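Survey of secondary and tertiary structure
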Amino acid sequence: MAVVTPSRSRSRTQSRLKSRERTRKQTQQDDRWLHPVAWWAWAAGLAVAASTTTNPLLLIGLMVSAGVVVEMRKPVAPWARSFNFFVKLAILVVTIRVLAQVLIGAPGGTTTVVPMPGATLPDWLAGVRLGGDVMLEPLLGAFYDGLRLAAILVVVGAASSLASPARLLKSVPAAIYEIGVSVVVAATFLPQLVSDVARVRANRRLRGRSDSGLRGYGAAAMPVLHGAMDRSITLAAAMDSRGYGRAGHRSTAERNLSAGVLLAGLLFATIGAYGLLGTGAATWWGPTFIAFGVGFIILNMILAGRRSIRTRYRPNVWHASDVSTALIGAIVAGLFVAASNVSPSVMTPTVSPPTWPSLSLLSVVGLVIAMIPAFITPTPPKGAS
Amino acid sequence: MIEFDHVSFRYSPDGPMVLTDVNMSIAEGEFVLVVGSTGCGKSTLLGSINGLVPHFTGGYLSGEIRIAGRATSRYRPRDLADIVGMVPQDPLASFVTDTVEEELAYTMECLGIAPDVMRRRVEETLDLLGLEDLRDRPLRTLSGGQRQRVAIGAVMTAHPTVLVLDEPTSALDPGAAEEVLAALHRLVHDLGVTVVLAEHRLERVVQYADRVVALAGPNTPPMIGDPSTILAGATIAPPVVHLARTVGWDPMPITIRDARRRAEPLRQLLTGITPPVRVVPESSTIASMRDLVIRYPEVMALKGVDLSIRRGEIVALMGRNGAGKSSLLHALVGAAEPAAGNVSIDGHDPRSLSGPDLVHHIGLVPQEPGDLLEANTVFEECTASDRDAGAPAGTTRAIVALLAPEILDTTHPRDLSEGQRLLLALAIVLAARPPLICLDEPTRGLDYHTKQRLTEIVTDLANAGHAIVLATHDVELTAELATRVVILADGEIVADGSTVDITTSSPMFAPQVAKVLAPARWLTVDQVRTALGTHAREDSA
């Protein structure tokens, strides 16, 4: 390694820094992480849209839209593979919902699809019906219902494979940053634990044991837990020596204020929740109190966050495409809500008698808009983050 | 910069003193080396500098430690993070984030440094430590030397005036250790950082040190002074110092350069004498591998390896971190499935052997000996071992008594020192009397005493007809012990030959004695001592 004098090394660093800045600006248009909150806002919009309808064409449309965006903007990273997992989960949900209808669903409908023997359990077993002819109408109802849940799962899966969890942590409010760190650290410990179990089990063979299966796992537990404990302590000591949890000075008055605000927020939210759910009738004050409660809690977070002296290295920035992506989520949700007011028969097609689902202009426009992020967002950088 | 004012420390009020009356003052820009045998309080001393001891560990500390005027009794470790940069022993376990760039910024984020300053410092540090090509790499994928440099960089970005490092090179191959030490050297000379460093591998670091703190064990105050004075009297010393003592050089040379200047008469004296070496008698092959290929999902760990090992041989496997040493050992015990080629131990395919059969053919002490231990006391561990090995009751305990007589029956295996744990694991492996014994990185974190004992034990085993395979980075251990050296690079064998041939042909793998006495092919102080002894007798006769 060449030894350079400090002054030379500094000037070299600066010129290199400038050239790096330049290249970064040039490539910014094509190579950038979209703000993770933008992806989640987009996904939340799509999820709201999915919850307003049972129309299978629209639900499948939403899933396709989400799939297209994932296909176009999926980064190369381990967590980006979660979309496949969510798709499989969605298929499982639909299957279970339909099977449950066939086996123990409530009777109804007039069109028999598959004749099947059935039995009704005696009254002391709640009179549940088992099997019986498979009828078209309840079957369709179950299918639509399952599809709606599946669409929401797929949309959530899309966001989790598009938005980097580490980058999402950067956008967590300062007041709950500590909790965020714990979650991330725990997430990195899990894969480590799995490889520990494999290693310890392999070493048991070296001691001359052949017991595999459950007993093997049981005996591996102790060394693995010891190892995990040691690692946690090491990590905690390292974080402490690197300044984690360093706090600015806060007076007693400030502490009391932020505690009081939090208490008020929780109180309002509780009363509001009672007003909304407990009285059985819609009240004007339920939502109002909830709004106040949430307001106070946010205020407390701001107050508590002020005490944190942390700064953020290269924080996520909102560019035009990030804002548009988040807005697109809201627009899609808005269009679907509007459509369910304008043409409820399209959004919730009747199943008895079964009708062929149709489409309305508003919802189709929503589907197309939902796909736009696939084209307006920057491609994620190569290499992991 | 750092002041220790009559500091004593113990973990419990009636326990032994771990630190006893430490009294010293370290000036700005000084490079201080902390030495001592395993478990004598090196890590405790280092931890006390940034307040981890006693704030994090608990315990009773008397006296006062001041860092740049701040007393550690009133400042917690996090409040000293801007002055003291602490680099822990295992970098990977102490990384908080998951990429190089984020890790470099983490300390600064905690300290609340302005974003534009952070940007600049990260770039400077990437350049200073030669990490610029790694900036987006996930930390898990880095090599040992790279990890260590990232760990140093991660605390350097906060511009601390004191850098504390706990065994930064013990887990590294000689090349990576050079890399890390060169980076450190640069920090000391370019930026005037005060460095306090603990290390077992004295031969790697002693030439950089301005002062040495030698910890002597419980209830004894440490010796503090300049390296040659301290090492002249210390039992823990690098081979070059032992050589100087044998020959009677005074003042004591510390570096190869000093020793070489003094060694001319010794080289003359030794001319014409052939260094004595242990010769392995003709014996049968115990293990062989042919065209062995091991493939993991991401990498080819071994690419067609041919190797056969005879009874009585001590084979040292050397090479960079990740060159395939551990994979080769795993293949020998049948823990890795060959993608091509085959392995044969004692005429058996190790993968076809179940646990109880396997231990009678081959034993492996893994890199983390604790992985092999699972009972609550040493005694239970030994009883379980006898049962596993099908040996008469008491066999393992007898071996433990032989290898490490100070280990007590009632101790929990996790409370043993690193070296004792290794010897206990070795005793368990020996209980089944396997003809082939493998040791993976046995000297990581071992002091010279335990290393010496291990050397004797392994030599005895080889003389009794066992074959030994060691995967190691320790060139001194290889020189002392091995009869044959196999060097792996990128999954292939690049050199295979007698210890003398291999170690004297490359400066990277040469022990200190060989460097001092080159071009003659002496490897160890013992060889020189033996030769001088016989020589002197011949003279008088």
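Residues numbered from 1 in each chain as written. Chains lettered and ligands numbered in written order. Predicted model: local features only at pLDDT ≥ 70, side-chain atom pairs only at ≥ 80, totals over all residues. Heavy atoms only, no water.

1. Observations regarding the overall build of chain A
Filter applied, for reference: Secondary structure counts use DSSP, requiring at least four H or I residues in a row for a helix and at least two E residues in a row for a strand, with both numbered from the N terminus. Note on classification: 1.4 Å probe, protein chains only; a residue is buried when its accessible area is under 20% of the maximum for its type, exposed when over 50%, partly exposed between these limits. Should any heavy atoms of two residues lie within 4.5 Å, those residues are considered in contact. In this description, accessible areas are obtained by the Shrake-Rupley approach with a 1.4 Å probe, and a residue is regarded as covered only by the protein chains that are shown.
A count of helical and extended segments in chain A gives 14 helices and four strands. Taking all 385 residues of chain A together, 38% fall into the buried category. Considering only residue pairs separated by 6 or more positions, chain A has 78% of its internal contacts joining residues 24 or more positions apart. For chain A, the computed accessible surface area is about 20500 Å², with 70% contributed by carbon and sulfur atoms.

2. Some points on the packing of helix α4 (residues 82–104) of chain A against helix α5 (residues 136–162) of chain A
Residues and elements named next belong to chain A. Counted only if it meets this: The convention used is that axes are lines fitted to C-alpha atoms, helices contributing only their stretch in contact, and that angles between N-to-C directions extend from 0 to 180 degrees. In this scheme, roughly parallel covers angles under 35 degrees and roughly antiparallel covers those over 145, while 65 to 115 is roughly perpendicular and the rest are oblique. Left-handed describes a crossing in which the near helix is turned anticlockwise from the far one by less than a right angle; the clockwise case is right-handed. Residues are grouped as follows: nonpolar covers Ala, Val, Leu, Ile, Met, Phe, Trp, Tyr, Cys and Pro; charged covers Asp, Glu, Lys and Arg; every other residue, Gly included, is treated as polar.
It is the contact of α4 with α5, at a shortest axis distance of 8 Å, that shows an interaxial angle of 165 degrees. Regarding the angle of α4 to α5, the classification is roughly antiparallel. The two elements α4 and α5 meet at a crossing, and its hand is right-handed. Partitioning the contact of α4 with α5 into residue classes produces 19 nonpolar, six polar and two charged.

3. Examining the nonpolar core
Taken as a class, soluble globular proteins show a tendency for nonpolar side chains to be buried jointly. Residue and element names in this part refer to chain B. What counts here: Buried residues of nine kinds, namely Ala, Val, Leu, Ile, Met, Phe, Trp, Tyr and Cys, make up a nonpolar core once their side-chain atoms join them within 4.5 Å. Note that the domain bounds reflect an automated or database-derived domain assignment.
L33, I152, L163 and L517 are the most contacted members of the largest nonpolar core, which totals 73 residues. Per-element tally for this core: the top contributor is helix α7 (residues 174–191), with eight residues. Among the domains, domain 1 (2–237) and domain 2 (238–271 + 512–541) are the pair contributing at least three residues each to this core. Apart from residues no more than four positions distant in its own chain, I152 is found in contact with V87, L129, L163, L165, V180, L184 and L187. Of all hydrophobic cores here, the second largest spans 71 residues; its members include A323, L332, I345 and I457.

4. Regarding the environment of F31(B)
All names here are of chain B. Here F31 shows up in strand β3 (residues 31–35). By relative accessible area, which is 3% here, F31 ends up buried. Sequence separation of F31 and R311 is 280 residues, and the distance between their C-alpha atoms is 46 Å. Residues within four places of F31 in sequence aside, it is in contact with V188, V195, L197, Y208, A209, D210 and R211.

5. Here's the deal with the sheet that holds strand β4 (residues 60–67) of chain B
Residues and elements named next belong to chain B. In plain terms, the rule: A pair of strands is treated as paired once DSSP finds two or more bridges between them.
Read across the open sheet, the four strands follow the order β2-β1-β4-β5; overall the sheet is antiparallel. The strands lining the two open edges of the sheet, one partner per strand, are β2 (19–26) and β5 (70–71). The pairing of strand β1 (residues 2–10) with β4 spans seven bridges and is antiparallel. In the sheet register, D5 faces β4, and the bridge partner there is E64. Helix-sheet contacts for helix α1 (residues 42–49) involve β1, β2 and β4, and the interaxial angle to β1 is about 130 degrees.

6. With respect to the pairing of strand β15 (residues 362–365) of chain B
Residues and elements named next belong to chain B. Burial of the side chains of β15 extends over both faces: I362 and L364 are buried on one face and G363 and V365 on the other. Here four bridges tie β15 to strand β16 (residues 436–440), and the two strands are oriented parallel to one another. Among the inter-strand pairings, I362 is bridged to a residue of β16, identified as L436.

7. Side note on helix α5 (residues 115–128) of chain B
Residue and element names in this part refer to chain B. To be explicit about the condition: Expected span, for any helix, means 1.5 Å times one less than how many residues it has.
Over its 14 residues, α5 runs 20 Å from end to end, which matches the ideal 20 Å to within 8%, given 1.5 Å per residue. All buried positions along α5 are accounted for by M118, R119, R121, V122, E123, T125, L126, D127 and L128. Just downstream of α5, G130 is the residue with a positive phi angle, here 65 degrees.

8. Quick word on the domain arrangement of chain A
By domain assignment, chain A separates into domain 1 (36–172 + 318–376) and domain 2 (250–307). Distance from the C-alpha centre of domain 1 of chain A to the C-alpha centre of domain 2 of chain A: 33 Å.

9. Some remarks on the packing of aromatic side chains
Residue and element names in this part refer to chain A. To be explicit about the condition: Each Phe, Tyr or Trp ring (for Trp, its six-membered ring) is paired with any other whose centre lies within 6.5 Å, and the angle between the two planes then decides the class: stacked below 30 degrees, edge-to-face above 60, tilted in between.
Under the criterion given, the structure shown has nine aromatic pairs over all chains. Ring centres 6.2 Å apart and planes at 85 degrees place the aromatic pair W285 and F289 in the edge-to-face group. Remark: F289 and W285 occur in helix α10 (residues 285–306); sequence separation between them is four residues, near one turn of the helix. Judged by its relative accessible area of 23%, W285 is partly exposed. An aromatic cluster is defined as three or more aromatic residues linked by ring pairs; in this entry it consists of F268, W285, F289, F292 and F296.

10. A few points about the interface of chain B and chain A
Threshold: Each of two parts loses accessible area, computed with a 1.4 Å probe, when they are put together; buried area is these two losses added. Only one rule defines a salt bridge in this text: a Lys or Arg side-chain nitrogen within 4 Å of an Asp or Glu carboxyl oxygen. Polar contact criterion, stated in full: a pair of N or O atoms within 3.5 Å, where within protein one must be able to donate a hydrogen and the other to accept it, and residues adjacent in sequence count only if both atoms are side-chain atoms.
Opposite the 71 residues of chain B that make contact, chain A presents 53 residues. Of the roughly 5700 Å² buried between chain B and chain A on both sides combined, carbon and sulfur atoms contribute 52%. Where E374(B) meets R204(A), a salt bridge forms, and the shortest distance between an N and an O atom there is 3.1 Å. Joining chain B to chain A, the criterion identifies 16 residue pairs in polar contact (both at pLDDT 80 or more). Ranked by residues supplied to the side of chain B that touches chain A, first place goes to helix α4 (residues 100–111) of chain B with 10 residues.

11. Remarks on the pattern of salt bridges
In the structure shown here, the tally under the stated rule is 33 salt bridges over all chains. The shortest N-O distance in the salt bridge between R148(A) and D145(A) comes to 3.4 Å. Note that R148(A) and D145(A) are positioned in helix α5 at a spacing of three residues, about one turn of the helix. One network of salt bridges, with partners in common, ties together R314(A), E101(B), E123(B) and R135(B).

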